[in-house]
Amino acid sequence: MTVLLALFLVLLLAFFVLFTGKVASGATELSDGAERASTGAGDLKAGAEKAQTGAKDLSAGTEKVDAGANTLAKGIGSAKAGVTTLKEGATTLDEGAVKLLTGAEAANEGANKLAAGATNARTGAGTLAAGASSASQGASTLAAGATTARQGSDRLATGANELYTKMEPLVGGSKELAAGADAAVAGISELAPGAAAVDGGVESIYAGINSTPGKDGKTAYQNISADFAKTGSSYGPEGVSAGAAQLRMLAQAQVIPGAREGILDAADKLEGLERLVAGIDVGLKGNGTPQNPGLVYGADAVSGGLTELNGKAPALAAGAHSAADGVAQLYTGAGTLSAGASELNTGLKTLETGAYTLAEGNGKLATGAGTLATGLDTLETGAYTLADGNYKIYDGTISLSDGTSRLVTGTESLDEGVVKLDDGGKTLTAGTSDLKEGAKKLADGNTELAEGSKTLADGNGKISEGADTMRASTTALTPGEILTSPKILAVLIPLLLLLVPIGMLIAGTRRGTQH
């Protein structure tokens, strides 16, 4: 279109030159237009060079696009295989999610049971701690008792051994006692009649003093007690005889040689006889107390006791023999007791040691039970936390199972999309090949365009020079002169030269359009 416009302008210019007679003015305008055409040709040359460079860049880019399209095609193939694997993995994951859901449900139930069990265990541990503490106190009491028992067994063992040792003489003594009992039985049988005779004699003496009256009609007791009463003395072996006192006074008055001594001797004998009778009587009567019951009572009791003892003496002898046998058995038992006491002492020592060990162990058990209770309390808290966490896992596995189901569906859609992407990649690869070939042709055409633009620029330069020459050499002509004047060549020659680059430009434009 530009070329036709330029041609139209040139023809119009020639028309005005031919028919208006202003060739000089037209030559000037032609010169200006030629300069502008020369400038445009330079710009066209520069643009053609940039187009050539761009075409080369486009060719290199299309090669990279082609390489990228091939790489993309290979990547799509790998992605297709990966999608297949992903699809299989998603299916497996979905199956695993179902199993995980089942396991999480079981774990949640187990965690709840564990929490309940931990609570029961903590309660039991508290009871165990309390029981262990009580057992520790009881073991301490047992240990103290074992110590006391062991100390008692020490004394028992010592006493049993001492008893066994000291009973050894008793064995012989009991045998001698049995023999003595036999002799006592024989002696008692002999003493019983004598005791009866003594009792009769005592009774006779008592009756002679207290029951038999003298010639004066009074008993000896009455006369002697009255005689002692006259001197103010008590009835007894220490009494003072009034009759003896009178005889002593009578003896003082005697002047006959030998009479005085005889009277004094009679006085002493009288007082002595009275004291003897009073002493015997007091001894026979006693004072009525258990400490001094009197000989009358004692002789009667001795006689009765010996009589009774004489009847029981054989049994006493038999008992002595039984006692001797019992002492022998007791001696044997004391030996057994001594040995048993020693064994008991040894066992109590072991019990004492074990009791203290038990007390210490129960103390540790109480401490451990307390620690266990604390640990179970922590376990209980952790078990409830675990139960809560397992519930959240269970809830999460439900979401996971739902997500894996959607993932399976998505992978199936992705698989379909990758198939379509593979088809598109193949189409892209074919298109980039065509693009590569077109870019190469465009580069070749731009090279030719650049060369033609250079030629056009050179031709425009010459046109500009010719236009200047024509402007300088032309004058105003009439239309008749223009047709007959040789100066018409100054117009025709530039027009002809202008047609050359215009034709080349048209040819280059057609080739570019074809490419």
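This structure is a prediction, so every number in the text was calculated from the model and none was measured.

**Concerning the overall build of the protein chain**
And then number 1: Along its length, the protein chain carries eight helices and zero strands.
And then number 2: Starting at the N terminus and ending at the C terminus, the protein chain contains elements arranged as α-α-α-α-α-α-α-α.
And then number 3: Taking all 515 residues of the protein chain together, 27% fall into the buried category.
And then number 4: Across the protein chain, every contact between residues at least 6 apart in sequence was considered, and the portion connecting residues at least 24 apart equals 81%.

**Regarding the side chain of S136**
And then number 1: Looking at the secondary structure, you find S136 in helix α2 (residues 23–210).
And then number 2: Those residues in contact with S136 that lie beyond four places of it in its chain are A359, N362 and G363.

**Remarks on a nonpolar patch on the surface**
And then number 1: A cluster of nonpolar side chains, contributed by I205, L273, L276 and I280, occupies part of the molecular surface with about 360 Å² of accessible area.
And then number 2: Examining the composition of the nonpolar patch, we find that three residues originate from one element, helix α5 (residues 259–285), more than from any other.
And then number 3: Mapped onto the elements of the fold, I205 is located in helix α2.

**Digging into the nonpolar core**
And then number 1: Ranked by size, the top nonpolar core spans eight residues in total: A178, A181, V185, I188, A313, A317, A320 and A324.
And then number 2: When residues of this core are traced back to their parent elements, those giving at least two are α2 and α6 (295–473).
And then number 3: Here A313 is in contact with V185 and I188, once residues within four sequence places are set aside.

**Quick word on the packing of aromatic side chains**
By convention here, two paired aromatic rings are described through the distance between centres and the angle between planes.
And then number 1: Evaluated as defined, the whole model comprises three aromatic pairs.
And then number 2: Here Y221 and Y235 contribute two aromatic rings whose centre-to-centre distance is 4.8 Å and whose plane-to-plane angle is 85°, an arrangement assigned as edge-to-face. Of this pair, Y221 sits in helix α3 (residues 220–230) while Y235 sits in the loop between α3 and α4 (242–253), and the two are 14 residues apart along the sequence.
And then number 3: On the basis of relative accessible area, Y235 is assigned to the partly exposed category, the value being 23%.
And then number 4: Among the aromatic side chains, those forming a connected cluster through ring pairs are Y221, F228 and Y235.
And then number 5: For the cation-ring pair, K285 lies above Y221, with the distance from its terminal atom to the ring centre recorded as 3.8 Å.

**Section: the environment of R260**
And then number 1: One can find R260 in helix α5.
And then number 2: When the C-alpha positions of R260 and L250 are compared, they lie 8.1 Å apart, and in sequence the two are 10 residues distant.
And then number 3: In contact with R260, not counting residues within four places along its chain, are A251, Q252 and Q254.

**Thoughts on α5**
And then number 1: Helix length check: α5 (27 residues) gives 38 Å between terminal C-alpha atoms against 39 Å at 1.5 Å per residue, within 8%.
And then number 2: When we look at burial in α5, the residues that qualify are I263, A267, E271, E274, V277, A278, D281 and L284.
And then number 3: At the C-terminal side of α5, G286 shows a positive phi close to 70°.

**Observations regarding the pattern of salt bridges**
Working definition: two side chains of opposite charge can pair if their charged atoms are close together.
And then number 1: On inspection of all chains with the given rule, the structure shows 15 salt bridges.
And then number 2: K269 serves as the salt-bridge partner of D265, at 3.2 Å between the closest nitrogen and oxygen. With D265 and K269 both in helix α5 and four residues apart, this pair spans about one turn of that helix.
And then number 3: The class of K269 is exposed, set by a relative accessible area of 55%.
And then number 4: For the salt bridge of D422 with K426, the shortest nitrogen-to-oxygen distance reads 3.8 Å. Taken together, the residues D422 and K426, both in helix α6 and four residues apart, mark about one turn of the helix.

**Structural notes on the side chain of S241**
And then number 1: Its location among the elements puts S241 in the loop between α3 and α4.
And then number 2: A relative accessible area of 0% means that S241 is categorised as buried.
And then number 3: A polar side-chain atom of S241 sits 2.4 Å from a polar atom in the side chain of D227.
And then number 4: Looking at S241, its side chain comes within polar contact range of the side chain of E274, at 2.5 Å.

**Description of the packing of α3 against α5**
And then number 1: With their axes 10 Å apart at the nearest point, α3 and α5 run at an angle of 115° to one another. Relative to α5, the element α3 lies roughly perpendicular. For the pair α3 and α5, the crossing hand works out as left-handed. Contacts between α3 and α5 involve Y221, I224, D227 and F228 from the former and E274, R275, V277, A278, D281 and K285 from the latter.

**Brief notes about the packing of α4 against α5**
And then number 1: The interhelical angle for the contact between α4 and α5, taken along N-to-C directions, is 170°, at an axis separation of 8 Å. Comparing the axis directions of α4 and α5 gives the class roughly antiparallel. From α4, G243, A244, L247, R248, L250, A251 and Q252 reach across to α5, where they touch R260, I263, L264, A266, A267, D268, L270 and E271.
And then number 2: Tallied by class, residues from the contact of α4 with α5 come to nine nonpolar, two polar and four charged.

Cut-offs applied
Residues numbered from 1 in each chain as written. Predicted model: local features only at pLDDT ≥ 70, side-chain atom pairs only at ≥ 80, totals over all residues. Heavy atoms only, no water. Helix = DSSP H or I, 4+ residues; strand = E, 2+ residues; numbered from the N terminus. Buried < 20%, exposed > 50% of the residue type's maximum accessible area, 1.4 Å probe, protein only. Contact = heavy atoms within 4.5 Å. Patch = residues over 30% accessible without salt bridge, like charges linked within 9 Å, V, L, I, M, F, W, Y side chains within 5 Å. Areas by Shrake-Rupley, 256 points an atom, 1.4 Å probe, with all protein chains shown as cover. Salt bridge = Lys/Arg side-chain N within 4 Å of Asp/Glu carboxyl O. Core = buried A, V, L, I, M, F, W, Y, C linked by side-chain atoms within 4.5 Å. Phe/Tyr/Trp six-rings, centres within 6.5 Å; stacked < 30°, edge-to-face > 60°. Lys NZ or Arg CZ within 6 Å of the ring centre and 35° of its normal. Expected span 1.5 Å × (residues − 1). Polar contact = N/O pair within 3.5 Å; in protein donor to acceptor, adjacent residues only side chain to side chain. Axes fitted to C-alpha atoms, helices over the stretch in contact; angles between N-to-C directions. Parallel < 35°, antiparallel > 145°, perpendicular 65-115°, else oblique. Left-handed = near helix turned anticlockwise from the far one by under 90°. Nonpolar A, V, L, I, M, F, W, Y, C, P; charged D, E, K, R; others polar.

None of this, on its own, says anything about what the molecule does.
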